[in-house]
Amino acid sequence: ASNRVYKTHALPSELPSDFSGRIVFVFGLASDAALSVASCKVRYGDAWVSEHFHHLRAMGSFEELGERDVLRFEEQIDGWTKLARHDILALRYDSLWDNVGVLSEFLGFHIVLPEQRQRTVEKYVDQATIAKFKATYDALDRKIMAMPGYILRHKDDR
């Protein structure tokens, strides 16, 4: 058996039909993710943003990021957390460190995570932008926070 790890922003519909591995989907608040992209624009520039938008299959521009879910966060979360034909562990980012045992058991080996760090978007994004993004993604953020810290599904549990 192969022990490969692929990091992707693909949608569940893009999985190859012969895929047989385990899936770990880590997700967090949509506003945090969108603000992270805004922060990265300042730090890494337009080329990074363009590439990231391509990886996330964006349906819109960076200028629309504070207006609507152009990066399809809700589609990602709904798709991966409802996927039934594969072994999947969906972990909410803020609960990752509390669920290292669940992650280790799912993968079949002991995981040691680095120390959790605070996000630092405030260094790069002004308070007005933060407030706008929080308002734009409020409903989705509330949906995410209402989800359990992790969702574990085995393909044989149908």
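Residues numbered from 1 in each chain as written. Predicted model: local features only at pLDDT ≥ 70, side-chain atom pairs only at ≥ 80, totals over all residues. Heavy atoms only, no water.

Visitor: Residues and numbers for the packing of helix 1 (residues 30–44) against helix 5 (residues 127–136), please.
Guide: Direction vectors running N to C along helix 1 and helix 5 enclose 145°, while the axes themselves pass 9 Å from each other. Crossing angle aside, the handedness with which helix 1 passes helix 5 is right-handed. Contacts between helix 1 and helix 5 involve Ser31, Asp32, Ala34, Leu35 and Ala38 from the first element and Thr129, Ile130, Phe133 and Lys134 from the second. When grouped by side-chain class, the residues that make up the contact of helix 1 with helix 5 number 5 nonpolar, 2 polar and 2 charged. (Axes fitted to C-alpha atoms, helices over the stretch in contact; angles between N-to-C directions. Helix = DSSP H or I, 4+ residues; strand = E, 2+ residues; numbered from the N terminus. Left-handed = near helix turned anticlockwise from the far one by under 90°. Contact = heavy atoms within 4.5 Å. Nonpolar A, V, L, I, M, F, W, Y, C, P; charged D, E, K, R; others polar.)

Visitor: Requested: an account of the side chain of Gln76, with residues and values cited.
Guide: Tracing the backbone shows Gln76 in helix 3 (residues 73–81). Polar side-chain contacts of Gln76 include one of 2.9 Å to the side chain of Trp80. (Polar contact = N/O pair within 3.5 Å; in protein donor to acceptor, adjacent residues only side chain to side chain.)

Visitor: Got a sec to walk through helix 6 (residues 138–146)? Specific residues and values, please.
Guide: Side chains of residues three or four places apart in an α-helix project in the same direction, reflecting 3.6 residues per turn. All of the buried residues in helix 6 are Leu140, Asp141 and Ile144. Along the axis of helix 6, the buried residues cluster in a sector spanning 100°; they form a single face. Exposed positions of helix 6 whose direction lies more than 90 degrees from the buried face are Ala139, Arg142 and Ala146. The inward-facing, buried residues of helix 6 abut strand 1 (22–27), helix 1, helix 3 and strand 2 (87–92). (Buried < 20%, exposed > 50% of the residue type's maximum accessible area, 1.4 Å probe, protein only. Arc of directions from axis to C-beta.)

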